[in-house]
There are 4 protein chains.
Amino acid sequence: MTVSPFDHPLLSGLLGDEEAARYFSADAEIAAMLDFERALAEAEAESGIIGKDAAAAIVAVLSSYKPDTARLRAGVAKDGVIVPELVRQLKAAVGAPHETSVHFGATSQDVVDTGLVLRLRRVIDHLDLLLIENIVRLTALEERFGGRTLTGMTRMQVAIPIKVSDRVAAWRAPLQRHQQRLSQQSRRLLVVQFGGAAGTLEKFGDKGPAVRAALAAKLGLGDAPQWHSQRDALAEFASLLSLITGSLGKFGQDIALMAQAGSEIMLSGGGGSSAMPHKQNPVKAEALVALARFNATQLSGMHQALAHEQERSGAAWTLEWLLLPQMAVATAAALRLAAELAGEIESLGH
Amino acid sequence: MTVSPFDHPLLSGLLGDEEAARYFSADAEIAAMLDFERALAEAEAESGIIGKDAAAAIVAVLSSYKPDTARLRAGVAKDGVIVPELVRQLKAAVGAPHETSVHFGATSQDVVDTGLVLRLRRVIDHLDLLLIENIVRLTALEERFGGRTLTGMTRMQVAIPIKVSDRVAAWRAPLQRHQQRLSQQSRRLLVVQFGGAAGTLEKFGDKGPAVRAALAAKLGLGDAPQWHSQRDALAEFASLLSLITGSLGKFGQDIALMAQAGSEIMLSGGGGSSAMPHKQNPVKAEALVALARFNATQLSGMHQALAHEQERSGAAWTLEWLLLPQMAVATAAALRLAAELAGEIESLGH
Amino acid sequence: MTVSPFDHPLLSGLLGDEEAARYFSADAEIAAMLDFERALAEAEAESGIIGKDAAAAIVAVLSSYKPDTARLRAGVAKDGVIVPELVRQLKAAVGAPHETSVHFGATSQDVVDTGLVLRLRRVIDHLDLLLIENIVRLTALEERFGGRTLTGMTRMQVAIPIKVSDRVAAWRAPLQRHQQRLSQQSRRLLVVQFGGAAGTLEKFGDKGPAVRAALAAKLGLGDAPQWHSQRDALAEFASLLSLITGSLGKFGQDIALMAQAGSEIMLSGGGGSSAMPHKQNPVKAEALVALARFNATQLSGMHQALAHEQERSGAAWTLEWLLLPQMAVATAAALRLAAELAGEIESLGH
Amino acid sequence: MTVSPFDHPLLSGLLGDEEAARYFSADAEIAAMLDFERALAEAEAESGIIGKDAAAAIVAVLSSYKPDTARLRAGVAKDGVIVPELVRQLKAAVGAPHETSVHFGATSQDVVDTGLVLRLRRVIDHLDLLLIENIVRLTALEERFGGRTLTGMTRMQVAIPIKVSDRVAAWRAPLQRHQQRLSQQSRRLLVVQFGGAAGTLEKFGDKGPAVRAALAAKLGLGDAPQWHSQRDALAEFASLLSLITGSLGKFGQDIALMAQAGSEIMLSGGGGSSAMPHKQNPVKAEALVALARFNATQLSGMHQALAHEQERSGAAWTLEWLLLPQMAVATAAALRLAAELAGEIESLGH
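Quantities reported herein were computed from a predicted structural model and do not represent experimental measurements.

Describing the overall build of chain A
Secondary structure assignment for chain A yields twelve helices and four strands. A principal-axis box enclosing the C-alpha atoms of chain A has dimensions of 75 × 40 × 35 Å. The proportion of buried residues among the 350 residues of chain A is 72%. Carbon and sulfur atoms form 54% of the exposed surface of chain A, whose accessible area is close to 10000 Å². Positive and negative charge centroids in chain A, built from 34 and 38 side chains respectively, lie 4 Å apart.

See below:
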């Protein structure tokens, strides 16, 4: 099944990004969940919440554990979330007497949200590298062609001559601000979610904060009070994804308009037409516009999901799953395409 | 790769719909494209545009044709659309002397858009059946519990008693209007797209309209002037998809609120929790809300794509691909879930 | 206060529409509400629900009634809706013994929703005339320049020559489909809302449907069961508003792109620049794109409001008020601008 | 004309915010533009670009200048922007020989964008104070009722008991993060826009950066290279506005759900019903949900406007005007309503 172009065997060649998509595969999701369960068992053993032998048994099982995915799928259809069935399977694999120590004091949302954050950390590293690559390529364009003249265009009309460097700077400067934003946001986003059934860590007495801190440390995440019904860091991250694709959409739109006018840019690698062999379509430039408008669309839904009622909203939470992974992949794809497109610019200005 | 929950091996068990998703698979897409090429060859032969032996050769090749999908994927990355490489492969398979008759006078957008309409016809049939099933189930609830009393709730406060039939009618009546809308829209939507390179059927002289009418007839679609840069029928269809999920979202929200209050509804089949075994979460009701908000989000992008510049906009067209298939699957999934949920209502009112 | 450009004393000169805006003024809203109360009193007297002298007293008061708007404003701040305070004032004006017959059996939503529908009827007439005007102007362009040649442009690249009539048809044909849609939808939309406290007309016994039918007839609206929690007709109308502005946005975008290229269009009436006196900015064409993207944005919110919980959702209902009036004015403004822009085209093609 | 509830004489009593709205009035906009022109004249005189007597003449005229607004309105209809006509009027008022020094080297977008930033600085101060007020009020609730018990609710079902402080913390903590975000963003947002006709300050030779720095200093803004086609700081600010209303929407939704359940909250000040005098509708709580969904809707459009083509996009720029002021007022209104609502909570938990 390939409803989304990001998953589509053919369309993802243009619109997808293999590395980013990998972090949102079912395998990566389950692996991140198992990482959580392993770190939890270890953290709880250190704090004396569960026995060291229980933790050892859990870690041993997890080292080679493969879930029954058919039953996971059925579990999602019934429970709305992967975790209850996954924990059921894990407990059965660990068996007596340590099965009661599996997932102790945690809830589905702890596993899903922290599992997401673990993968977003990788996504952020990937986006950061792609931002750098784009900045480098645009800087190279600036160095190579910056002194040449372009026709400045305002309100779709010829204005006055500008330098190529003026326009390239308008493509590059936002990306540098996005680097700064990514760094500022990461401190709010890359933190553990751990709260138990309703966010109170009620099974740990006064040891709750210590267990959470240990769990965070083992996972390499920041420690923070539970945020399961406070989704602002995720919506903020979605906003940044859309800022990035928006800036690249402006770049794509500019390239497409220059390619249309014809004399101020030379591009290699344009796309062919089934009806007109003479054409060189600025396919990547158009895709950048499409991905920008796609993310601007999705962003609205991520902000609708902020109305996350009470201690946990199944509806608002599920809505995030429908939106955020595709936004992240769209962003990585746009950065990849923009870097390629910058590399295909043979000449700018005159 | 499974970025979208609609494609996800686990999450699609809840949020997906197998039949709707099938119409958006790469296989179904290619099959519909080949149906177009076959019908085109036949229509052109009948009109004397290409030879009958050419058409026979093309039809013969198409009867068992399997494209090289790796090369299709590379083609999309380069051309932004599947068709140029698909036609290249088809022409090679047909070979001399008839290869020049393949795809004659058509353009990529003719194949992609008509191929989409062919699949939307199947989707509409599927949605229509699901609408009927929901109406039947809600009518059954009305017959069974309609005379009982419910607490009417306005502005989140107890208002006055109502009948169960009053609330069920508010769930059912919009679905009946959606049936009417689907019928009215289908006449605008289920029409062939055929225009050639820039919409003018310039290769056919005065035979253009006749070839188009024959093509439409062979495909079982309505005949209409080319609409490749007029996307209103698609955006209107997207609006209806969101109207349907919106009405079902109201149903889901009502059920979740009743399940919370507790005494006026009895549901079977609720979802389990990994932390609280006593719970019966109204998972399907929540999913209906999530899918409604998802489609309301996507709809905005489908309307952004109406600004389809000039004779063909790669950017606006690609944006549709990113949005419409998922909206259709979300709608089918919501209808499936709503029918299931209606079937799980053991008691309503008192 | 002029937060919205549609209300702004300066910006509404470009972006607003005086006639459409008038239907959404506080005065027009109150007048429609009073029309409802008058028709209700008359319908109830005819059905014997209230006395004929009571109805006469109410009608007499309404004939010259001016509400205390300062207290209405305070009432909205407290009640979230104008009606409770308006009815309080009306009852005081009617006085004993007939004050208890004012607004009898009705609720705020009956007044607000029917009052909206009464004004939407006028808006629809206005839009219909504007659609006709646009079609007439585009047809005139087609007759005048249709036979000339234009450069067909696909994917932002020169494709093959087309006729001016080919492109103008792509601007005109969607408007004709919008006329058809407006007619089909109006039957669903232009119906009375009358349900009483929770939609059951509980104060009328078996006379409820007769009172409602009489009320509808007096107001010149269709009769229909209460729909206060079923918002599909409003969301469908919003979709059509966005379809209209979307089609006009494509027209605007095409004009702006032609104006940029320069040789295929001559426009009078372009806008001036504070820095570059030589420029003729295609201001109206740009405004069409902005209004199209504005409505495509708002549409999402109107569909979010479909999740209208239980018998009345204050949140979802209020959300509509924040969105629909501006969408209607944006649509009227776009139609006005498009007609003006079509009139400013001095030459097309070559 | 009062199309928007934020401008509406009645509805703004609930949904508006007088102080925020004031910064978006036509008067405030013109005043900010004239501040720009005054500071520009002074900065240019200091740098020797224009004469000191010219600057003195301009400043003198500006000290009591009142534009002809009817002509400004007509100017917007023609030019799409207030500035060309405003500058025309200013030049006429200054007269020979200094009129050529008015607005020297600047363009409309410099005036409009910097004028906006000047007002956003005031808006940000206002939002900051309102955030503090909300945090103080929520902290007071926590101190007063924090130790009591609430029914923790997950997925619309009874979960386990929590403390009142647990839920109040989930309302308060995001607001504190929003304070941090506001501070981080302000450095990127509160900077001068000054670039001249196409962003190159072409009339100033090598003195451009010095004039810009002096202009920024006089206006109390940060200095930065021109950003007229880089709208990321504005879209980021819009994202924050929606994050704020989203967090408050969660608060409102929770209050409405508690008010529905009935026993865990006591509220003063609920709204009345025209049909059911016994009701106390949680009007402010509902309005918070509506404003959250409104801003989440608008946000999408602000990100669509990132595709700001070439050196200046009339379409994308105009789209911002249609969206951002209302988002800002909605945010201020939500903060005001939330603070009031927190003050109306008489009791929480048991």
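Things to note about the relation of the copies chain C and chain D
Turning chain C through 180° and shifting it by 0.0 Å along the axis lays it on chain D, with an RMSD of 0.0 Å. The transformation relating the two chain copies, once decomposed into turn and shift, fits a two-fold axis. A shared interface surface links the copies, since 100% of the contact residues of chain C are contact residues in chain D too.

Section: the pattern of salt bridges
Under the counting rule described, the total for this entry stands at 96 salt bridges over all chains. As a salt-bridge pair, R38 of chain B and D35 of chain B come within 2.9 Å of each other at their nearest N and O atoms. Pair noted here: R38 of chain B and D35 of chain B are both in helix 3 (residues 26-46), with a separation of three residues, about one helical turn. The partly exposed category is assigned to R38 of chain B, whose relative accessible area is 24%. A salt bridge links E236 of chain D to R188 of chain D, with the nearest nitrogen and oxygen atoms 2.7 Å apart. Within this pair, whereas E236 of chain D is found in helix 10 (residues 232-261), its partner R188 of chain D is found in helix 8 (residues 164-189), the two being separated by 48 residues in sequence. Neither E236 of chain D nor R188 of chain D differs from the other in exposure class; each is buried. Three or more residues are tied together by salt bridges with common partners; here these are D68, R71, K78, D79, E85 and R88 of chain A.

Quick notes on the relation of the copies chain A and chain B
Overlay of chain A on chain B (RMSD 0.0 Å): rotation 180°, translation along the axis 0.0 Å. Here 100% of the contact residues of chain A are again contact residues in chain B; the copies associate through an equivalent surface.

Observations regarding helix 9 (residues 208-219) of chain B
Residues and elements named next belong to chain B. In this model helix 9 runs 17 Å from its N-terminal to its C-terminal C-alpha over twelve residues, within 8% of the 16 Å that 1.5 Å per residue would give. Within helix 9, burial applies to G208, V211, R212, A214, L215, A216 and L219. Those residues of helix 9 that are buried are in contact with helix 3 and helix 7 (108-145).

Re the interface of chain A and chain B
The interface is formed by 72 residues belonging to chain A together with 72 residues belonging to chain B. Carbon and sulfur atoms supply 63% of the area buried between chain A and chain B, which totals about 6100 Å² over both sides. Counting every contact that joins chain A to chain B gives two salt bridges. Linking R73 of chain B and E18 of chain A is a salt bridge whose minimum nitrogen-to-oxygen distance equals 3.5 Å.

Observations concerning the domain arrangement of chain A
Residue and element names in this part refer to chain A. Per the domain assignment, the segments making up chain A are domain 1 (16-106 + 196-224) and domain 2 (107-191 + 227-350). Relative to domain 2, the C-alpha centre of domain 1 lies at a distance of 34 Å. Buried surface at the junction of domain 1 and domain 2, both sides included, amounts to about 2500 Å², of which 69% is carbon and sulfur. On the domain 1 side of the contact with domain 2, Y23, F24 and L221 bury the most area, a combined 28% of that side's loss. Taken together, the links from domain 1 to domain 2 amount to one salt bridge.

Points about a nonpolar patch on the surface
Residue and element names in this part refer to chain A. A cluster of nonpolar side chains, namely L129, I132 and V136, defines an oily patch on the protein surface of about 280 Å² accessible area. With respect to the helices, strands and loops of the structure, L129 is situated in helix 7 (residues 108-145). Residue class for L129 comes out exposed when judged on its relative accessible area of 58%.

Observations regarding the interface of chain C and chain D
Contacts between the two partners involve 72 residues from chain C and, on the opposite side, 72 residues from chain D. Across the chain C/chain D interface, buried area totals approximately 6000 Å², and carbon plus sulfur atoms make up 63% of it. Taken together, the connections running from chain C to chain D amount to 15 residue pairs in polar contact (both at pLDDT 80 or more). Put simply, the parts of the chain that give the side of chain C that touches chain D at least two residues each are helix 1 (12-15), helix 2 (18-22), helix 3 (26-46), helix 5 (69-79), helix 6 (83-94), helix 11 (283-304) and helix 12 (314-343) of chain C. The element best represented in the side of chain C that touches chain D is helix 11 of chain C, accounting for twelve residues. Considering only residue class, the side of chain C that touches chain D consists of 35 nonpolar, 26 polar and eleven charged.

What to know about the pairing of strand 2 (residues 157-163) of chain B
Residues and elements named next belong to chain B. One ladder, built from five bridges, connects strand 1 (residues 149-154) with strand 2; its direction is antiparallel. Counterpart to T149 in the pairing with strand 2 is K163. Linking strand 1 to strand 2, which pair antiparallel, is a turn of two residues; within it R155 sits at a positive phi near 50°.

Conventions and cut-offs
All residue numbers refer to positions counted from 1 along the written sequence of the respective chain. Here every chain gets a letter starting at A, and every ligand a number starting at 1, in the order they are written. Confidence filtering applies because this is a predicted model: local features only for residues at pLDDT of at least 70, side-chain atom pairs given and counted only at 80 or more, and all residues used for totals across whole chains, interfaces and linings. By convention in this description, side-chain values take in all heavy atoms of the structure and omit both hydrogens and water. A run of H or I in DSSP counts as a helix once it spans at least four residues, and a run of E counts as a strand once it spans at least two, with each numbered from the N terminus. For each residue, the accessible area found with a 1.4 Å probe, counting protein chains only, is set against the maximum for its type, and the residue is called buried under 20%, exposed over 50%, and partly exposed in between. Only the protein chains shown count as cover for residues, and the accessible areas themselves come from Shrake-Rupley with a 1.4 Å probe. Residues counted as positive are Lys and Arg, residues counted as negative are Asp and Glu, and His and the chain ends are not counted. By convention, the charge on Lys lies at NZ, on Arg at CZ, on Asp at CG and on Glu at CD. When the copies are overlaid, the least-squares fit takes in C-alpha atoms only where the residue has pLDDT of at least 70 in both copies. What makes two residues a contact is simply this: any of their non-hydrogen atoms within 4.5 Å. Take a side-chain nitrogen of Lys or Arg and a carboxyl oxygen of Asp or Glu: if they are within 4 Å of each other, that pair is a salt bridge. A helix is expected to reach a length of 1.5 Å times the quantity of its residues less one. In short, buried area is how much 1.4 Å probe accessible area vanishes from two parts on joining, totalled over both. Here the limits of each domain have been adopted from an automatic or database domain assignment. Residues qualify for a patch when their relative accessible area is over 30% and they have no salt bridge, like charges being joined within 9 Å and the nonpolar side chains of Val, Leu, Ile, Met, Phe, Trp and Tyr within 5 Å. Here a polar contact is recorded for every N or O atom pair within 3.5 Å, except that within protein the pair must consist of a potential hydrogen donor and a potential acceptor, and residues adjacent in sequence are included only if both atoms are side-chain atoms. Charged means Asp, Glu, Lys or Arg here, nonpolar means Ala, Val, Leu, Ile, Met, Phe, Trp, Tyr, Cys or Pro, and polar covers whatever is left, Gly included. A strand pair is defined by DSSP finding two or more bridges across the two strands.

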